[in-house]
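Each chain, written out:
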Amino acid sequence: MSKEQIDQQPLITLLSDFGDRDVYVGIMKGVIAQINPRLTVVDLTHQIPPQDIAAARFSLMNAYPYFPVGTVHVAVVDPGVGSKRRAIAVEFAQGFLVGPDNGIFSGVLSQSRAMSTTGYAYAAVELTNLNYWRTPEPSKTFHGRDIFAPVAASLASGVPLKQLGQEIDPASLVKLDIADCKQTTTGVVGCIQYIDHFGNLVSNIPGSYVQGKTWSVQVVGLSIPGCETYSDVKVGEIIALVGSHGWIEIAINSGNARSNLQLDWQETLQVVLT
């Protein structure tokens, strides 16, 4: 690795379900520092609910646009660790993705495909080159330490993607099955794709559908008025609005919509234009 490569390092981001009680995240950072101590590592979150690939998909999809081009994003929510699921690295327009091939990157890549003339990520590899692993005999339960962290550090330090393993077709990458929203004669039907720390129910319906219109959300027999801010309703009342992520969500002012409404991931809702 040349001095010039080190002097022009992109960021590495980390996202996982490891929490902050144990040392797993710190160990991954230590592995990265062993390879290149000058790299900057940003924690997106380590509070993804255990094994919740859908929550990880959403979180990464909404975080990556705020980082410089060339950033290496490592995501480790990996219930299939140690199995035959592929360990992958992907190059796309805004940078690189490193982690398990279990659908965790499908949100980012769906946006990338929408903006790409080819329709897919630029390139993808299965991480088969053991020279870039921490050890040729990785733990069956901690690929974040033994494969993903060292590969990310190598990528961020200038190692070409193709050097990391066997090229694979980006179109073959696993996609998480999130239903698309569909327009109807009265509005849009969608589903809940994410539930945040506050219990807000985030749908897969873009806020652009209701821009400049009067609207409501219909779910579990309720008609929830579309507003602009949480404070547009009284404390404890239910509200629908477009969140900072750009998706329509259901919330309760100073409350928890998930607990109150007993709704969960992928449950159906409808936005009605009035």
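Residues numbered from 1 in each chain as written. Predicted model: local features only at pLDDT ≥ 70, side-chain atom pairs only at ≥ 80, totals over all residues. Heavy atoms only, no water.

(A) Up close: the nonpolar core. Residues I12, V72, V74, V98, L127 and L164 are the most contacted members of the largest nonpolar core, which totals 32 residues. Sorting the residues of this core by element identifies β1 (12-16), α2 (24-35), β3 (71-76), β4 (87-92), β5 (95-100), β6 (123-126) and α5 (143-156) as the ones contributing at least two each. Broken down by element, this core gets its largest block of residues, eight residues, from α5. In this view, I12 contacts I32, L39, T40, V41, V42, V72, V74, A152, A153 and A156; residues no more than four positions away in its chain are not counted. Residues I53, A55, Y64 and Y194 belong to the second largest nonpolar core, which totals 26 residues. (Core = buried A, V, L, I, M, F, W, Y, C linked by side-chain atoms within 4.5 Å. Buried < 20%, exposed > 50% of the residue type's maximum accessible area, 1.4 Å probe, protein only. Helix = DSSP H or I, 4+ residues; strand = E, 2+ residues; numbered from the N terminus. Contact = heavy atoms within 4.5 Å.)

(B) Region of the structure containing α2. Here α2 spans 17 Å end to end across 12 residues, near enough to the 16 Å set by a 1.5 Å rise per residue. Residues of α2 that are buried include every one of V25, M28, V31 and I32, and no others. For α2, the angular spread of buried residues about the axis comes to 120 degrees, placing them on one side. Tucked into the core, α2 has its buried residues touching β1, β2 (41-45), β3 and α5. (Expected span 1.5 Å × (residues − 1). Arc of directions from axis to C-beta.)

(C) Representation of the packing of aromatic side chains. Counted under the stated rule, the structure contains five aromatic pairs. Considering the side-chain rings of F58 and Y194, the 4.4 Å spacing of their centres and the 15 degrees angle between planes classify their relative orientation as stacked. Taken together, the residues F58 in helix α3 (residues 53-63) and Y194 in strand β9 (residues 187-195) connect sequence positions 136 residues apart. (Phe/Tyr/Trp six-rings, centres within 6.5 Å; stacked < 30°, edge-to-face > 60°.)

(D) Quick peek at the side chain of S16. As for its placement among the helices and strands, S16 is situated in strand β1. Its relative accessible area of 2% is what places S16 among the buried residues. Not counting residues within four places of it along the chain, the set of residues in contact with S16 comprises V25, T45, H46, Q47, I48, V76 and V77.

(E) Up close: the pattern of salt bridges. Counted according to the given criterion, the structure contains six salt bridges. Two residues, R86 and D101, come together in a salt bridge whose shortest N-O distance is 2.8 Å. Here R86 is found in the loop between β3 and β4, whereas its partner D101 is found in the loop between β5 and α4 (106-115), with 15 residues between them in sequence. Here R134 makes a salt bridge to D146, at a shortest N to O gap of 2.7 Å. Residue R134 is found in the loop between β6 and α5, and its partner D146 is found in helix α5; the two are separated by 12 residues along the sequence. Taking the relative accessible area as the measure of exposure, R134 reaches 42% and is therefore partly exposed. Salt bridges linked by common partners bring R134, R145 and D146 together as one network. (Salt bridge = Lys/Arg side-chain N within 4 Å of Asp/Glu carboxyl O.)

Coordinates in, geometry out; function isn't part of it.
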